[in-house]
Amino acid sequence: MHEISLAESMLQLIEDAGHQQGFTRVKTVWLEIGQLACVEQESLRFGFDVVTRGSIAEQARLEIIETAGQGRCGKCAQSFPLTALYESCPACGNYDVEVTGGDGMRVKELEVE
Amino acid sequence: MHFRSREAKAETDVSTLRIVKLEQDLLAKNNGYAEANRRYLSAHGIFALNLVSSPGSGKTTLLVKTIAALNETQPLAVIEGDQQTENDAARIRAAGAPAIQINTGKGCHLDAQMVGQAMQQLGLPNDSLLLIENVGNLVCPASFDLGEAHKVVILSVTEGEDKPLKYPDMFRAADLMLLNKCDLLPHLEFDADLAIEYARRINPRLQVIRISATSGAGMPEWLEWIKDGCRNAVAAKPEASLG
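Notes on the structure follow. (Residues numbered from 1 in each chain as written. Chains lettered and ligands numbered in written order. Predicted model: local features only at pLDDT ≥ 70, side-chain atom pairs only at ≥ 80, totals over all residues. Heavy atoms only, no water.)

It is worth spelling out the overall build of chain A at this point. Of the regular secondary structure elements, chain A holds two helices and six strands. Across chain A, helices and strands are ordered from the amino to the carboxyl terminus as α-β-α-β-β-β-β-β. Computed over its C-alpha atoms, the radius of gyration of chain A comes to 17 Å, more than 25% above the 13 Å expected for a compact globule of 113 residues. Overall, the C-alpha framework of chain A stretches about 55 × 25 × 15 Å when taken along its three principal axes. The long-range share in chain A, meaning contacts at least 24 apart out of those at least 6 apart in sequence, stands at 70%. Surface summary for chain A: the accessible area is close to 5,400 Å², and the carbon and sulfur share equals 42%. Counting 9 positive and 18 negative side-chain charges, chain A places the averaged centre of each group 4 Å from the other. (Helix = DSSP H or I, 4+ residues; strand = E, 2+ residues; numbered from the N terminus. Rg over C-alpha atoms; globule rule 2.2 N^0.38 Å. Contact = heavy atoms within 4.5 Å. Areas by Shrake-Rupley, 256 points an atom, 1.4 Å probe, with all protein chains shown as cover. Lys, Arg positive; Asp, Glu negative; His and termini not counted. Charge placed at Lys NZ, Arg CZ, Asp CG, Glu CD.)

This is the structure in structure tokens:
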């Protein structure tokens with residue numbers, strides 16, 4: 001359940017932005033999550049609801065934007081969509097695959113007032 | 001009347017709403033603390049390892065044996081992560097190494113801020129070895145950089161061969177895998193070659209040492225790997241911090 005920690009980090013980013021940019025209430029949070037990121041979305045939603053109680057993001061809508069995993073073969077340099085970390089290169093079958101996208105988690109933007 | 005006033009309120013709400021761009025990584029804060037730890041460690045020639053595994057992989061026993069073998073010649077310290085109890089730190093101290101226990105409570109992993117505080121409390125000597133035993137959990141600790149030189153994942157042969165496929169994030173984050181409890185292989189149906197093949201599908205650069213903390217098999221190779229890392233950490237120490 002590191003999703004609780006991630007939810008706390010998310011709230012901290014939001015509160016820091018609130019202090020800097022002078023908003024006191026958050027209505028919507030757009031969060032980008034890579035398909036290969038090590039996170040369980042439902043747990044993160046639950047964690048977000050729990051940690052935001054009594055904060056400026058209480059009852060904010062959490063919009064999760066899922067981004068596709070991307071890999072590049074270390075042997076033939078082919079780029080391809082990667083849906084799991086144990087997949088091999090579809091062109092040459094090699095397992096030396098570098099993850100080039102879709103493994104991050106970032107707060108994109110907020111709707112605030 | 002009632003509905004109209006609610007609509008009117010909704011309109012004023014809309015007018016005050018705005019969009020704020022953030023574009024910030026959820027792990028940015030932890031990564032910042034981890035970088036600070038890494039700078040401190042490298043300035044002091046300290047070689048730090050983050051040991052990760054499932055519960056029951058034999059991590060603490062391995063650590064105790066490692067300490068017993070190195071303690072005479074190598075200054076070292078241990079940070080122990082567990083949800084509850086001081087038991088593991090007590091075992092480490094009995095083996096002769098200074099140890100700090102971090103109880104994460106409900107938390108399932110160590111983070112870089114906790115480790116930074118523990119490092120300051122321990123007062124690590126220059127050119128030492130820091131062993132960080134993470135909470136027994138193959139999922140969460142993968143995401144949290146602590147500032148270590150390497151993550152070392154311990155897989156024991158009493159687990160399933162396909163654990164690397166089931167928990168790929170951890171095996172991808174690690175640089176070395178210790179395949180532990182190898183003395184039990186004759187009694188099990190565990191296919192060690194297959195487990196290693198699976199782990200290298202996830203991470204082709206993963207180094208592997210077959211080891212048994214109980215029988216001592218593979219221990220010399222593991223100890224040599226640590227000593228190499230310590231020598232490199234000392235050699236890479238910036239000139240300014242010498243003396």
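Attention now moves to the packing of aromatic side chains. All names here are of chain B. By the definition in use, this model includes two aromatic pairs over all chains. With a centroid separation of 6.2 Å and 55° between ring planes, the pair formed by Phe-47 and Trp-225 is classed as tilted. Of this pair, Phe-47 sits in strand β2 (residues 47-53) while Trp-225 sits in helix α9 (residues 219-235), placing them 178 residues apart in sequence. The exposure class assigned to Phe-47 is buried, which follows from its relative accessible area of 5%. Residue classification places Trp-225 among the buried positions, given a relative accessible area of 14%. Centroid distance Trp-222 to Trp-225: 6.0 Å. Interplanar angle 20°. Geometry classified as stacked. (Phe/Tyr/Trp six-rings, centres within 6.5 Å; stacked < 30°, edge-to-face > 60°. Buried < 20%, exposed > 50% of the residue type's maximum accessible area, 1.4 Å probe, protein only.)

What follows is about helix α1 (residues 3-21) of chain A. Look at α1 of chain A: 26 Å from first C-alpha to last across 19 residues, which is about the 27 Å you get at 1.5 Å a residue. Against β1 (26-34), α2 (41-51), β2 (61-67) and β6 (105-112) of chain A together with β1 (18-25) of chain B lie the buried residues of α1 of chain A. Directly after α1 of chain A, the chain includes Gly-22 of chain A, whose backbone phi takes a positive value near 65°. (Expected span 1.5 Å × (residues − 1).)

To continue, consider the interface of chain B and chain A. Facing 28 residues of chain B, the contacting portion of chain A comprises 33 residues. When the buried area of chain B at its contact with chain A is split by residue, Arg-18, Leu-22 and Leu-26 of chain B rank highest and sum to 23% of it. Scanning the region where chain B abuts chain A turns up six salt bridges. With a closest N to O distance of 3.0 Å, Lys-29 of chain B and Asp-16 of chain A form a salt bridge. (Buried area = accessible area lost by both parts, 1.4 Å probe. Salt bridge = Lys/Arg side-chain N within 4 Å of Asp/Glu carboxyl O.)

Before going further, it helps to spend a moment on empty space enclosed by the protein. Counted under the stated rule, the structure contains one cavity of 30 Å³ or more. What the largest cavity holds in volume is close to 50 Å³. Leu-82, Leu-85, Glu-87, Tyr-95, Val-97 and Val-99 of chain A together with Arg-172, Arg-201 and Ile-202 of chain B are the residues that line the largest cavity. For the lining of the largest cavity, the secondary-structure elements that each account for two or more residues are β5 (97-101) of chain A together with α8 (192-202) of chain B. (1 Å grid on protein atoms, 1.4 Å probe; cavity = no way out; pocket = protein on both sides within 12 Å on 5 of 7 lines; lining within 4 Å. Points joined across faces, edges and corners; volume = space filled by probe spheres on them.)

All names here are of chain B. Examined against the element boundaries, Lys-59 turns out to sit in helix α3 (residues 59-70). With no salt bridge to any partner, buried Lys-59 finds its closest opposite charge in Glu-133, at an N-O distance of 4.1 Å. Within the structure, the side chain of Lys-59 is placed 3.3 Å from the side chain of Ser-53, a separation counted as a polar contact. Contact partners of Lys-59, with chain neighbours within four places excluded, come to Leu-51, Val-52, Ser-53, Ser-54, Glu-133, Asn-134, Val-135, Gly-136 and Ile-154. (Polar contact = N/O pair within 3.5 Å; in protein donor to acceptor, adjacent residues only side chain to side chain.)

A separate point is the packing of helix α2 (residues 28-43) of chain B against helix α5 (residues 112-122) of chain B. All names here are of chain B. Interhelical geometry of α2 versus α5 gives an angle of 30° and a closest axis separation of 8 Å. Looking at the two axes, α2 sits roughly parallel to α5. Every pair of crossing elements has a handedness; the one defined by α2 and α5 is left-handed. Residues Asn-30, Tyr-33, Ala-34, Asn-37, Tyr-40 and Leu-41 of α2 lie in contact with α5, whose contacting residues are Ala-112, Gln-113, Val-115, Gly-116, Met-119 and Gln-120. Residues that form the contact of α2 with α5 fall into these classes: seven nonpolar, five polar and no charged. (Axes fitted to C-alpha atoms, helices over the stretch in contact; angles between N-to-C directions. Parallel < 35°, antiparallel > 145°, perpendicular 65-115°, else oblique. Left-handed = near helix turned anticlockwise from the far one by under 90°. Nonpolar A, V, L, I, M, F, W, Y, C, P; charged D, E, K, R; others polar.)

In this section: the environment of Asn-71 of chain B. Residues and elements named next belong to chain B. As for its placement among the helices and strands, Asn-71 is situated in the loop between α3 and β3 (76-82). Remark: the alpha-carbon pair of Asn-71 and Gly-96, spanning 25 residues in sequence, is separated by 7.3 Å. If we ignore the near neighbours within four places in the chain, the residues touching Asn-71 are Leu-76, Ala-95, Gly-96 and Ala-97. Here the side chain of Asn-71 touches Gly-96 through a polar contact of 3.0 Å, landing on its backbone oxygen.

This part covers unusual backbone geometry. Residue and element names in this part refer to chain B. Phi is positive for Glu-23, close to 50°, though the residue is something other than glycine. Mapped onto the elements of the fold, Glu-23 is located in strand β1. Given a relative accessible area of 33%, Glu-23 falls into the partly exposed group.

Moving on, we come to the environment of Leu-179 of chain B. Residues and elements named next belong to chain B. Within the secondary structure, Leu-179 sits in strand β7 (residues 176-180). Judged by relative accessible area, which is 0%, Leu-179 ranks as buried. Placed 32 residues apart in sequence, Leu-179 and Ile-211 show a C-alpha to C-alpha distance of 5.8 Å. For Leu-179, the residues in contact, after removing those within four places along its chain, are Leu-155, Val-157, Phe-190, Ala-192, Ile-196, Ile-209, Arg-210 and Ile-211.

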